[in-house]
Amino acid sequence: MIHSEQNNKKQTSALANQTPLALMIALSFSAAAVASDDTNTTDADTMIVHGRALSLYRAQETSLATKTPTAIDDTPQSIQVLPRQLIEDQAARQITDLYRSMSGVSQYNYSFVTFRGFRQDHVLYDGVRGDPFEGLSIPQLFNIERVEVLKGPAAAVMGSGEPGGTINYTTKKPTYATKRHVAVTGGNQDFVSGRVELSGSADEEQSQRYRLGIYQDHENPYRKNTDTRNRIIDLGYEWDAGENTTVGLQYVNVTQHIGGGRIRGIPTDDDGNFLADTSWNANDAGDYHDLEAQVYQVRVDHNINDWLSGDVTFRYFENEDTQKYHEARKLKDTNSDGIDDTVTRQYRDQLRTNKAGSVTANLVAQLAKHTILFGADYYRLDNEFTYYRADSSDGVSDRSLTNPDYTADDVSSYSLDLSKHTDSREERYGAYLQDQWDITDAWNVLSGIRIDGYHDEVADLKKETNEQYTGSGFSYRIGSTYRINEQFHPYAVVATGFVPQDAAAQVSSNGGPFEPEESLMYETGLRTYLFDSRVNMNVALYHIIKENVLQTDPNDSDKQVAYGKVRSQGVEVDILADLTENWVANLSYAYNDTIVKQGYGEFSNRTVGKRFANAPHNQLGLWTRYHFAAIDSSVGFGADYVSEQLTQDAQKVKPFTVYDASWQTQWNDWKFQLNVKNLFDKEYAVSGFTQATGSFVGERRRVYLQADYEF
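Just so it is clear, the model here is predicted, and its values are computed rather than measured.

Once that is clear, we can look at the overall build of the protein chain. Within the protein chain, the regular secondary structure consists of 6 helices and 37 strands. The buried share of the protein chain, taken over its 711 residues, is 57%. Within the protein chain, contacts between residues at least 6 apart in sequence are counted, and of these 68% link residues at least 24 apart. By element, 53% of the accessible surface of the protein chain is carried by carbon and sulfur atoms, the whole surface being about 28,800 Å².

Right, dumping it as structure tokens:
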């Protein structure tokens, strides 16, 4: 047995030592506060009446950014909350349906997103680690009450997290009031789904509450050889164990089958034109991607006294991710006309098993004008990965792009070779301290620090090697908000990020070991309430530097390389507006410029100064809803625009605009809803990968009709 150990300990990030510009901006707020007239401050007890748009689509506070209930206006960082009403109005079944409403977020591939220019797949559930869709499965929204989007790094309280931002899924909880729903949905592409949700008090004192949710769907998408099934079982229980203690239990079971997957893209030319029909698929009918996952969560909240409280969350999940699929590996020109018309394929048989547990504990003290948070967390992920593959020389057939023959290969005749077999363990742990200081009724300052550690072990069972990696990092965040008046609320923040590389990425066979990713962000913004609070506009400007970014090795797709430094900067604008008493609009716009500032080794000449893959310059998302009060019905209209992007091989991904529409009506205890997505059935790509695997095709027109009965 070969054993090697790499110690990457770094007590203080070089980035973290740079001058905190935002702190100086925050101090300028102090001068403004001292110089301002008393008429600029308002009574903290003043009641603000919000219009329909803010009532429907905007939450007033969240705990995501600070781990304490904090008004969004008092949070010195850009944050969006997408409530259940918006999810239902847009008939969003999975997270990809909501990207239009997240400024600065676009689809990369599978569960990955481009977040302020960076590719990432880091999410939280109820504010803690433990994603049951760990891997390449796309999170579903059936049991999600709201989606929270925090922009920029928040390592000072959350630990390792990407600099683009974090998506948090707040799950549905048991309710005091009785709520019972049964819904069925049908649509084109053979879509059918059903759900049952029951929630309420289990006793007269309402000290015990329950939730039962069951969801099932099935469809046959337009891509050849594809079918999809999802099933989610969601069980919840809450118990008030006295006046000061609440215990919450949750169990979630997820089953997902994607036939004909893992679906890659469709090859394009350098200008982004598809080389095959958008129904083309490299997969055979017997290919599939299956996920089986279970989640167990326990949370205890306790008020120690009138100024001190605490909470502890335990979360455990395990999943099994099985993938048997054909991958396009190389383009061929079989008739020598200068146009690629065929792909050579590779067959991959992969099994990933994940078991992960986390514990997060917080202690919150309310001391006069200070809210002090002290917390610690620990997370461990055990992963076993087994990977067999076969190439053309092992019996895998090619597939034509122009005249495809979908007769399935006999997989049993392939000569499969064991490519990888690894057993890895990732451990992440940290402690953090945060202070929210209300200096005046109008001005507050947020400051926080965190120390992180990690320990990874990777056993290569094929090569009989064992590698270990340990290290530590320091993160901070300091920001401030100031309420000039009820209309204008500026803020500024500087924050750092620290992300150890995944254990599987560290191994020498993958090109590693690699230093942890580190980032530094400056952000300033303005939240406004205009025209008697009929318009809420939030503007954010940011500048982010990220170091040690991993990307696929241009010379070997089975390995990765680290770019030295990537810079992202841009502006985001989010608007909620009451156009009339019954007409609301939600608009999100983002401009982003992400380029490689410092390359890596022999790849420097090819990368420095180049745009980052799948990082569009411009994005615009719109959703508007008009309510006909006389008949208790509403109509909705949406648009999603993403400008030109580049694939990892610098091929173009064409800009696209797609439109959606909806109709909803309430009749007694029934709600009927019709949604049409991609209204004009546009063919387009949402993002690109490599030249051989091509660009990822967006959904064609989808029509859904739902009937929901509440009893």
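Let's pick the thread back up.
A few words on the nonpolar core. Ranked by internal contacts, the top residues of the largest apolar core, which has 40 residues, are Ile95, Leu98, Met102, Leu141, Val147 and Tyr169. Contacts of Tyr169, omitting those with residues within four sequence positions, involve Ile95, Val123, Leu124, Tyr125, Asp126, Pro139, Leu141, Ile144, Arg146 and Val147. Membership of the second largest hydrophobic core comes to 14 residues, among which are Leu64, Ala65, Ala154 and Val364.

A few words on the environment of Arg428. You can see Arg428 is positioned in strand 21 (residues 417-438). Separated by 268 residues in sequence, Arg428 and Ser160 have C-alpha atoms that sit 8.2 Å apart. A polar contact of 2.7 Å, which involves the side chain of Arg428, links it to the side chain of Asp456. A polar contact is formed between the side chain of Arg428 and the backbone oxygen of Gln501, at a distance of 3.3 Å.

Looking now at the confidence of the model for the protein chain. The predicted model of the protein chain averages 89 in pLDDT, with 90% of residues at 70 or higher. The model gives residues 1-49 a pLDDT under 50, and that stretch makes 86 contacts with residues more than four places away or in other chains.

Here we take up the sheet that holds strand 7 (residues 118-120). Read from one edge of the open sheet, 3 strands run 5-6-7, paired in antiparallel fashion. Strands with a single pairing partner mark the edges of an open sheet, and in this sheet they are strand 5 (105-109) and strand 7. When the angles between neighbouring strand axes are averaged without regard to direction, this sheet yields 35 degrees. Examined bridge by bridge, strand 6 (residues 112-115) and strand 7 share 3 bridges and lie antiparallel to one another. Within strand 7, the position partnered with Phe115 by the bridge is Phe118.

Looking now at empty space enclosed by the protein. Take a probe with the size of a water molecule and roll it over the atoms, and the empty space left behind shows itself. The final tally for this structure, using the stated rule, is 9 cavities of 30 Å³ or more. The computed volume of the second largest cavity comes to approximately 370 Å³. In terms of lining residues, the second largest cavity is bounded by 23 residues, among which Ala91, Ala92, Arg93, Arg195 and Gln706 are the most central. Among the secondary structure elements, those contributing two or more residues to the lining of the second largest cavity are helix 3 (84-89), strand 11 (179-187), strand 12 (191-201), strand 34 (670-677) and strand 37 (702-710). When the residues that make up the lining of the second largest cavity are grouped by side-chain class, the tally is 12 nonpolar, 6 polar and 5 charged.

Quick look at the pattern of salt bridges now. Within the structure shown, the criterion is met by 44 salt bridges. One salt bridge connects Lys671 with Glu88, and the closest N-O pair in it is separated by 3.3 Å. On the criterion of sequence distance, the pair formed by Lys671 in strand 34 and Glu88 in helix 3 is long-range, its members being 583 residues apart. Residue class for Glu88 comes out partly exposed when judged on its relative accessible area of 25%. A salt bridge links Asp409 to Arg345; the shortest N-O distance between them is 3.4 Å. In this pair, Asp409 is assigned in the loop between strand 20 (399-400) and strand 21 and Arg345 in strand 18 (residues 342-367), connecting sequence segments 64 residues apart. Of the residues examined, Asp409 reaches a relative accessible area of 18% and is grouped as buried. The network of salt bridges with shared partners includes Lys172, Arg195, Glu197, Arg211, Asp234 and Asp708.

Paired through their backbone hydrogen bonds, the strands of a sheet run either parallel or antiparallel. Sheet architecture is open: 4 strands sit in the order 4-9-10-8, paired in mixed fashion. Each of the sheet's edge strands pairs with one partner strand only, and the pair in question is strand 4 (79-83) and strand 8 (123-125). This sheet shows a mean twist of 20 degrees between the axes of neighbouring strands, independent of strand direction. Where strand 4 lies against strand 9 (residues 144-151), 5 bridges are found, and the strand directions are antiparallel. Counterpart to Leu82 in the pairing with strand 9 is Val147.

With respect to the helices and strands, Thr75 occurs in the loop between strand 3 (70-71) and strand 4. A distance of 3.0 Å separates the side chain of Thr75 from the backbone oxygen of Ala71, its partner in a polar contact.

Residues other than glycine predominantly adopt negative phi, and peptide bonds predominantly adopt the trans conformation. Even without being glycine, Ala91 reaches a positive phi, approximately 50 degrees. As for its placement among the helices and strands, Ala91 is situated in the loop between helix 3 and strand 5. Although it is not a glycine, Ala650 sits at a positive phi angle of roughly 65 degrees. Ala650 sits in the exposed class, given a relative accessible area of 55%.

This part takes up the packing of aromatic side chains. Applying the stated criterion across every chain yields a total of 19 aromatic pairs. Relative to Phe612, the ring of Phe118 lies with its centre 6.5 Å away and its plane at 75 degrees, an arrangement referred to as edge-to-face. Of this pair, Phe118 sits in strand 7 while Phe612 sits in the loop between helix 6 (604-607) and strand 29 (618-628), placing them 494 residues apart in sequence. The pair Phe118 / Phe612 is uniform in exposure class, with both members buried.

Glancing now at the pairing of strand 11. Judged from the 9 bridges that link them, strand 11 and strand 12 form a sheet pairing that is antiparallel. Residue pairing across strands places Gly186 opposite Val192, the latter belonging to strand 12. Hairpin connection between strand 11 and strand 12: a loop of 3 residues separates the two successive antiparallel strands, and Gln189 in this loop has a positive phi of roughly 55 degrees. Relative to strand 37, strand 11 is paired through 7 bridges, and the arrangement is antiparallel. In the strand pairing of strand 37, Gly186 is matched with Leu705.

Attention now goes to the environment of Ile266. Residue placement: Ile266 occurs in the loop between strand 15 (245-259) and strand 16 (288-303). Taking the relative accessible area as the measure of exposure, Ile266 reaches 0% and is therefore buried. For the pair Ile266 and Ser279, spaced 13 residues apart in sequence, the C-alpha separation works out to 9.0 Å. Those residues in contact with Ile266 that lie beyond four places of it in its chain are Arg223, Phe274, Ala276, Asp277, Thr278, Trp280, Thr693, Gly694, Ser695 and Val697.

Okay, the side chain of Gln651 next. Note on placement: Gln651 falls in the loop between strand 31 (645-646) and strand 32 (652-653). At 3.1 Å, the side chain of Gln651 forms a polar contact with the backbone oxygen of Thr268. With sequence-adjacent residues up to four places away left out, Gln651 is seen in contact with Thr268, Asp269, Asp270, Gln645, Leu646 and Gln691.

The rules behind the values
Residues numbered from 1 in each chain as written. Predicted model: local features only at pLDDT ≥ 70, side-chain atom pairs only at ≥ 80, totals over all residues. Heavy atoms only, no water. Helix = DSSP H or I, 4+ residues; strand = E, 2+ residues; numbered from the N terminus. Buried < 20%, exposed > 50% of the residue type's maximum accessible area, 1.4 Å probe, protein only. Contact = heavy atoms within 4.5 Å. Areas by Shrake-Rupley, 256 points an atom, 1.4 Å probe, with all protein chains shown as cover. Core = buried A, V, L, I, M, F, W, Y, C linked by side-chain atoms within 4.5 Å. Polar contact = N/O pair within 3.5 Å; in protein donor to acceptor, adjacent residues only side chain to side chain. pLDDT = per-residue confidence, 0-100. Pairing = 2+ DSSP bridges. Axes fitted to C-alpha atoms, helices over the stretch in contact; angles between N-to-C directions. 1 Å grid on protein atoms, 1.4 Å probe; cavity = no way out; pocket = protein on both sides within 12 Å on 5 of 7 lines; lining within 4 Å. Points joined across faces, edges and corners; volume = space filled by probe spheres on them. Nonpolar A, V, L, I, M, F, W, Y, C, P; charged D, E, K, R; others polar. Salt bridge = Lys/Arg side-chain N within 4 Å of Asp/Glu carboxyl O. Phe/Tyr/Trp six-rings, centres within 6.5 Å; stacked < 30°, edge-to-face > 60°.

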